Structures are given as C-alpha cells and as structure tokens.
Amino acid sequence: MVVTVTMNPAIDKTVEVDELQPGDLNRIRKVEYDAGGKGINVSQTIHELGGKSIAAGFLGGNAGRTIEAVLNDKGIAHDFIWVEGETRTNTKVFEKYGAVTELNEPGPTITPKQVELLIQKLESYAGEQTLFVLAGSIPSGVDADVYAKIIQRVHERGAKVLLDTDGQMLSEGIMAVPDLIKPNRDELEEYAGFDYRASMDELIKTARDLKAQGIGTVAVSMGRGGAMMIREGYEVSCPALPVKAHSTVGAGDAMVGALAYAWDHQLDDEQTMRLCMAASAGEVTTIGTKPPTREIVDRLVGQVMIEPL
C-alpha cells in the first residue's frame, strides 16, 4: 500500500502567454486547472500507471473541496485532515519560448494539534507493507523537522518512507534515515553544501554517502542531464529521453510516482529505473501538471538507455 502525504496541497493554475510583459497587459492564450501539490501529483501518477494509493495531508475551503472532487472523479482514495482557511492556488505562467514564472500562495496556517492528528492518522495505515511518500513544502505553522518525526513514528510500525523535499526538511528528514529519497540535482547540491555546480563524480559520491548512512535507494533527477540511481548492487545513470517538452514542471513528481509504484509492485531494479525515466519524460510532454498516461509511459520505456556508474 502506498500513502502519499501532501502537507501543502494546491490547485495548479497553468497560464500560457506568448511572452510575459511585467507591468503591462498580458493576454492569456490558454488556462489549465489541476489538483496539485507534490504528493497529490504522485498519487495521480500512480493512478495513471494502474496502481492505487491513498492521498493524505491537509485541505481547506473551496479549493480543498475542488481537489477532493478531482480525486473522487478519478477514483483516487484520500483521507485528509480538514482545516480552517483556504488551500492555496499556485499559478504557473508559461511563455511560448519555454520560460516559466511561478506564483505560489502560502496556504493556511496549521496548528501543532493538527500536525499530531495527521501523524496519528498516518500511523493507523503504517505496517510492513506500507510505503509513505512524504513530498513537497510545508505550510505555515509546521516545523521543518515534521518529516523526520513522521519517518520515526511510522518506522516504529515497520513502514517504509520515500522522501522528496528540499532545504532543511530534506536535511532533517535524512537524519531520520528514510528508505528512499528522490532529490533533484539542485537539492542534492544544496544538501551537500556545494556552492558551485558539482561534477558528476561529486554527485555520485554524495549519493553513495547517503546510501552508506542507511538509505536504501537514492534516486537523483538531473533534468536534461537525465537521472541516476544508487542501490545495493545497482548503480546506474540514464540520459534524458529525447521528447518534445512542453514543461518540466511535475517531472520529478512523476518519477517519484513511478518509484512508489515500482516498490508497491515489487519491480526489479532495471524495471524500476526504466519506469522512472519513462514516467518523468512522459510528464514533460503534458500540458499543466497532468501525469502521463500509461500508454505514453509504455511507449517510452523501451527507449531508456541504462549505463553503469
């Protein structure tokens, strides 16, 4: 069973313009609305791949009801804590030549009592056959060590954790030793303290050091540089697939969704890597933050090139 946790969900509003003109009138060519937030995106990817998950976290207001309705329409199970205030709307402005401007709202303030209620809810799902996906930012009122606390609590019940976040939440979470992590290149460089663009050798060493700390799978997405995965007895990299990109937003979430699906369906190392690369590449071809269909992913799986490190 996979349970995704989205502490700070959102409605993703995707706006397309020819060229953004700050301080002037901009005419919109197209608008897309999606239920979003990293964990929810992961659940939607798992759903498109043919798997199942339970989406959890915090929702509030009319925007929260909209997200709930989207998940209901898709048949994605969910179990959220409802809070006062309005779930945020994040606006992404895409320009014709590829530039993206993101305007993210803060979302409602969460109390310590609500955080504890969520952790208790997650504990009720925890067991040896459960993978929790902890993904994304945290809302106001929540401490940066919240993911570390969740990891510790669900580990006590035998559950596994896949962590996908950044900054202090990533650093604190790693100290609790999650079972899988999926940082992107920038997040890994920040975690390791690089104040420059790290070399591939430096990134590999950092990933190996994390594995040596007890993290079973370290998957690193690197945008146009492809991705790499470090596991016991399996260390590989893959170049990015040559697809026609519409937007890279959500590509990391699709990779996390594929990684969680692979864990739940006990895919082997190569199958896991191929699925992760195909799902991520498929995501960049979609409009907005919609996940790729299984048909798209299956078409791309055979194009994945795997190279040993």
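All of these numbers come straight from a predicted model, not from anything done at the bench.

> Can you lay out the overall build of the protein for me, pointing to particular residues and giving the numbers?
From N to C terminus, the protein includes 10 helices and 14 strands. Computed over the C-alpha atoms, the radius of gyration of the protein is 18 Å, within 12% of the 19 Å expected from 2.2 N^0.38 for a compact globule of 309 residues. Over its C-alpha atoms, taken along the principal directions, the protein stretches across nearly 55 × 45 × 40 Å. Put simply, the protein has 309 residues, and 52% of those count as buried.

> Explain the pattern of salt bridges residue by residue, including any values.
Counted by the stated rule, this structure contains 20 salt bridges. Measuring nitrogen to oxygen at the nearest pair gives 3.3 Å for the salt bridge that ties Arg65 to Glu68. Residue Arg65 and its partner Glu68 are located together in helix α2 (residues 61-74), separated by three residues, close to a single helical turn. Relative accessible area serves as the criterion here: at 47%, Arg65 is assigned to the partly exposed category. A salt bridge links Lys121 to Asp79; its shortest N-O distance comes to 2.9 Å. With a gap of 42 residues between them, Lys121 in helix α3 (residues 112-125) and Asp79 in strand β5 (residues 77-82) connect regions that are remote in the sequence. By sharing partners, the salt bridges in this structure join Arg185, Asp186, Glu189 and Arg197 into a single network.

> Describe the sheet that holds strand β11 (residues 217-221), and please don't skip the residues or the numbers.
The 10 strands lie next to each other as β5-β4-β1-β8-β9-β10-β11-β12-β13-β14, forming an open sheet whose pairing is mixed. If you trace the sheet from one side to the other, it starts and ends with β5 and β14 (307-308), each paired once. Pairing geometry for strand β9 (residues 160-164) and strand β10 (residues 180-181), over two bridges, is parallel. Within the sheet, the bridge partner assigned to Leu162 lies in β10 and is Leu180.

> I'd like a description of a nonpolar patch on the surface, backed by residues and values.
Taken together, the side chains of Ile28, Val31 and Tyr33 present a nonpolar region at the surface, about 290 Å² in accessible area. Summarising the element assignment, Ile28 is placed in the loop between β2 (10-17) and β3 (30-36). Ile28 gets classed as partly exposed once you look at its relative accessible area, which sits at 48%.

> How would you summarise the packing of aromatic side chains if you had to cite specific residues and measurements?
Counted by the stated rule, this structure contains one aromatic pair. Ring plane angle 65° and centroid distance 5.5 Å describe the contact between Phe194 and Tyr196, whose orientation is recorded as edge-to-face. Taking NZ or CZ as reference, Arg65 lies 3.8 Å from the ring centre of Trp82, over its face.

> Outline the sheet that holds β2, supporting the account with residue identities and numerical values.
With respect to topology, four strands assemble into an open sheet ordered β3-β2-β6-β7, the strand pairing being mixed. One side of each edge strand has no neighbouring strand; the edge strands of this open sheet are β3 and β7 (100-104). Taking the axes of each pair of neighbouring strands and ignoring which way they run, one obtains an average angle of 20° across the sheet. One ladder, built from five bridges, connects strand β6 (residues 88-95) with β7; its direction is antiparallel. Across the sheet, Thr91 pairs through a bridge with Leu103, a residue of β7. With respect to the sheet, α2 is in contact with β2 and β3, its orientation differing from that of β2 by roughly 90°.

> Tell me about α2, and please be specific about residues and values.
Here α2 contains 14 residues, and its C-alpha end-to-end distance of 20 Å stays within 8% of the 20 Å for a straight helix at 1.5 Å per residue. All of the buried residues in α2 are Ala63, Gly64, Ile67, Glu68 and Leu71. The buried residues of α2 occupy an angular sector of 145° when projected down its axis, which confines them to one face. Of the exposed residues in α2, the ones pointing more than 90 degrees away from its buried face are Asn62 and Asp73. Elements that come into contact with the buried residues of α2 comprise β2, β3, α1 (38-49), β4 (54-59) and β5. Immediately beyond the C-terminal end of α2, within one or two residues, lies Gly75, with a positive phi of roughly 75°.

Basis of the calculations
Residues numbered from 1 in each chain as written. Predicted model: local features only at pLDDT ≥ 70, side-chain atom pairs only at ≥ 80, totals over all residues. Heavy atoms only, no water. Helix = DSSP H or I, 4+ residues; strand = E, 2+ residues; numbered from the N terminus. Rg over C-alpha atoms; globule rule 2.2 N^0.38 Å. Buried < 20%, exposed > 50% of the residue type's maximum accessible area, 1.4 Å probe, protein only. Salt bridge = Lys/Arg side-chain N within 4 Å of Asp/Glu carboxyl O. Pairing = 2+ DSSP bridges. Patch = residues over 30% accessible without salt bridge, like charges linked within 9 Å, V, L, I, M, F, W, Y side chains within 5 Å. Areas by Shrake-Rupley, 256 points an atom, 1.4 Å probe, with all protein chains shown as cover. Phe/Tyr/Trp six-rings, centres within 6.5 Å; stacked < 30°, edge-to-face > 60°. Lys NZ or Arg CZ within 6 Å of the ring centre and 35° of its normal. Axes fitted to C-alpha atoms, helices over the stretch in contact; angles between N-to-C directions. Contact = heavy atoms within 4.5 Å. Expected span 1.5 Å × (residues − 1). Arc of directions from axis to C-beta.

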